[in-house]
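Spelled out from the first residue to the last, the chains are:
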Amino acid sequence: MTLFQNFNTHSLRSTRGFKLKQSSPISSPQPVSNSTFLPSTPYQQPVYQTVNLNGGVPAQSVSSHKDIRNYAEQTLGSDNALIQAVKLPQDEDINEWLAIHVVDFYNQINMLYGAITEFCSPLTCPKMMATDEYEYLWQETSTISNGSNSIPPKKPVSLPACDYIENLMNWVQSFLDNDNIFPSKIGAPFPQQFPNLVKTIFKRLFRIYAHIYCHHFHEVTELGLQSHLNTSLKHYVLFANEFQLISRKDYGPLEDLVDTMLKN
C-alpha cells in the first residue's frame, strides 16, 4: 500500500521536450544531498509504507520560526552539486531553463505532498496555514493577459489546506498542459509574460513547502523523508535565489530556514 493512492489527480509531468546541451544538469528530485543530475531522466515514483502516527491523532504543529530551523538543520549540509545544478548553462535559453525546472519542481512537490496527504484533511488542516501567523488565501488568477479578454481575479477565499493545494496543483497543471505557454516544440517562442508567470508559480508552490514544514514535519520524519524534503527545498530556494523568483517576504515562516540553506 502506498501513500500516493489518495493523491492521484496530478500525474507526474514528463521532462520537457527542450534541446539541452549534453553537459546541462537539470533538476532531479533525488532524496540524497550529493545527487547526480542527468538530463531528460524521468523521475520514478517511490513507494512508501504507511505508518500509524499517534493512533490517528494529529501531530503537534511547529509553532515558531526557530522550531522550523532547528528541526530541519540536522539534515542540511553544504552541497556544491545543488549550487552548480541551478546555474544557467552557457548558450541555454533562459525561458527553457525556467520551464524545465517548473516541471521538475512541480513533480517533486506533487510527490512530497502525496506522501503525507492522508494526514492533511479539512479536519486536521481547516485552513491553508504555515504556523499560526500565516494563512494563504486562494485566488484564481490567469497571470497571462489576453488583452481585452482578460478576466478580473476573483476575491480571495479561505480554504482547507488540502483544497487549496488541490486548486494550486490544478492551476499549475493547466499552464503545463498549454502548449502556447509551455511550448513542447524545440525553438517555439514563449509568451512575453512567461518570466512573470514563473515567479507567480514559484511563490505559490513555495506555500506547500511552508505548510508541510509547519504542520506535517512530524509525519515527514516518521516516514523517514526529512532528508528528501530538506534537499528538495534547498534545491528550490537555490534556484529561486539564482533567478530572483521569490521575494524575501514571501518566504514567511521559513525565512530563517531559507537563510540557512542559502548560506550553507
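Rules of the game
- Residues numbered from 1 in each chain as written.
- Predicted model: local features only at pLDDT ≥ 70, side-chain atom pairs only at ≥ 80, totals over all residues.
- Heavy atoms only, no water.
- Helix = DSSP H or I, 4+ residues; strand = E, 2+ residues; numbered from the N terminus.
- Buried < 20%, exposed > 50% of the residue type's maximum accessible area, 1.4 Å probe, protein only.
- Contact = heavy atoms within 4.5 Å.
- Areas by Shrake-Rupley, 256 points an atom, 1.4 Å probe, with all protein chains shown as cover.
- Expected span 1.5 Å × (residues − 1).
- Polar contact = N/O pair within 3.5 Å; in protein donor to acceptor, adjacent residues only side chain to side chain.
- Axes fitted to C-alpha atoms, helices over the stretch in contact; angles between N-to-C directions.
- Parallel < 35°, antiparallel > 145°, perpendicular 65-115°, else oblique.
- Nonpolar A, V, L, I, M, F, W, Y, C, P; charged D, E, K, R; others polar.
- Salt bridge = Lys/Arg side-chain N within 4 Å of Asp/Glu carboxyl O.
- Phe/Tyr/Trp six-rings, centres within 6.5 Å; stacked < 30°, edge-to-face > 60°.
- Lys NZ or Arg CZ within 6 Å of the ring centre and 35° of its normal.
- pLDDT = per-residue confidence, 0-100.
- Left-handed = near helix turned anticlockwise from the far one by under 90°.

1. Let's talk about the overall build of the chain
Right, so step 1: Tallying secondary structure elements over the chain gives eight helices and two strands in all.
Right, so step 2: Mapped from its N terminus to its C terminus, the chain presents α and β elements in the order α-α-α-β-β-α-α-α-α-α.
Right, so step 3: For the chain, with 264 residues in total, the buried portion stands at 49%.
Right, so step 4: Considering only intrachain contacts with a sequence separation of at least 6, the fraction spanning at least 24 residues in the chain is 82%.
Right, so step 5: Surface summary for the chain: the accessible area is close to 12,700 Å², and the carbon and sulfur share equals 47%.

2. Observations concerning helix H3 (residues 94-116)
Right, so step 1: Taking 1.5 Å of rise per residue, the 23 residues of H3 would be expected to cover 33 Å, and the 33 Å separating its terminal C-alpha atoms lies within 8% of that figure.
Right, so step 2: Counting buried positions along H3 yields 22 of 23 residues, so the element is predominantly enclosed.
Right, so step 3: The opening residue of H3, the one whose side-chain oxygen lies 3.0 Å from the backbone nitrogen of Asn95, is Asp93.

3. Some thoughts on helix H4 (residues 161-176)
Right, so step 1: For H4, spanning 16 residues, the distance from its first C-alpha to its last is 22 Å, which sits close to the expected 22 Å at 1.5 Å a residue.
Right, so step 2: Taken together, the buried positions of H4 are Ala161, Cys162, Tyr164, Ile165, Leu168, Met169, Trp171, Val172, Gln173, Phe175 and Leu176.

4. Focus: unusual backbone geometry
Right, so step 1: At Asp91, a position not held by glycine, the phi torsion is positive, near 70 degrees.
Right, so step 2: In this fold, Asp91 is placed in the loop between helix H2 (80-85) and H3.
Right, so step 3: With relative accessibility at 64%, the residue Asp91 sits in the exposed group.
Right, so step 4: The backbone phi angle of Gln244 is positive, close to 50 degrees, even though this residue is not glycine.

5. Topic: the packing of helix H7 (residues 226-242) against helix H8 (residues 255-263)
Right, so step 1: For the pair H7 and H8, the least separation of the axes is 10 Å and the interaxial angle reads 80 degrees. Classified by the angle their axes make, H7 and H8 are roughly perpendicular. On H8, the residues that touch Asn230, Leu233, Lys234, Val237, Leu238 and Asn241 of H7 are Leu257, Val258, Met261 and Leu262.
Right, so step 2: Residue composition of the contact of H7 with H8, grouped by class: seven nonpolar, two polar and one charged.

6. Here we look at the pattern of salt bridges
Right, so step 1: Enumeration over the complete set of coordinates arrives at four salt bridges.
Right, so step 2: Among the ionic pairs, Arg248 bridges to Glu255, the shortest N-O distance being 2.9 Å.
Right, so step 3: For Arg248, a relative accessible area of 47% translates into the label partly exposed.
Right, so step 4: If you follow the salt bridges from partner to partner, you end up with Arg248, Glu255 and Asp259 in one network.

7. As for the environment of Leu257
Right, so step 1: Tracing the chain through its elements places Leu257 in helix H8.
Right, so step 2: For Leu257, a relative accessible area of 1% gives the class buried.
Right, so step 3: Distance in space between the C-alpha atoms of Leu257 and Leu233 is 9.8 Å, their sequence separation being 24 residues.

8. Considering the packing of aromatic side chains
Right, so step 1: In total, this model carries 14 aromatic pairs according to the counting rule given.
Right, so step 2: Between Phe206 and Tyr251 the ring centres are 5.0 Å apart and the planes differ by 70 degrees, which places this aromatic pair in the edge-to-face class. On the criterion of sequence distance, the pair formed by Phe206 in helix H5 (residues 194-215) and Tyr251 in the loop between H7 and H8 is long-range, its members being 45 residues apart.
Right, so step 3: Owing to a relative accessible area of 0%, Phe206 belongs among the buried residues under this scheme.
Right, so step 4: An aromatic cluster of three or more residues is present, and its members are Phe105, Phe202, Phe206, Tyr209, Tyr236, Phe239, Phe243 and Tyr251.
Right, so step 5: Lying over the aromatic face of Trp138, Arg204 brings its terminal NZ or CZ to 4.8 Å of the ring centre.
Right, so step 6: The residue whose ring lies beneath Arg204 is Trp171, and the NZ or CZ to ring-centre distance is 4.5 Å.

9. A short note on the confidence of the model for the chain
Caution applies to low-pLDDT regions: their predicted coordinates should not be interpreted in detail.
Right, so step 1: Scored by pLDDT, the chain has a mean of 76; 65% of the residues are at 70 or more.
Right, so step 2: Note on residues 1-9: pLDDT is under 50 here. Beyond four places in sequence and across chains, it has 30 contacts.

10. A word on the environment of Thr260
Right, so step 1: Structurally, the position occupied by Thr260 is in helix H8.
Right, so step 2: Each C-alpha atom of the pair Thr260 and Lys234 lies 9.4 Å from the other, and the pair is 26 residues apart in sequence.

11. Some thoughts on the packing of H3 against H5
Right, so step 1: It is at 11 Å that the axes of H3 and H5 come closest, and there the two elements cross at 20 degrees. The angle between H3 and H5 places the two elements in the roughly parallel class. Pair H3 / H5 crosses with left-handed handedness. In this structure, H3 uses Asn95, Leu98, Ala99, Val102, Phe105, Gln108, Ile109, Leu112, Tyr113 and Ile116 to contact H5, whose residues at the interface are Phe194, Pro195, Val198, Ile201, Phe202, Leu205, Ile208, Tyr209 and Ile212.
Right, so step 2: Of the residues in the contact of H3 with H5, the class split is 17 nonpolar, two polar and no charged.

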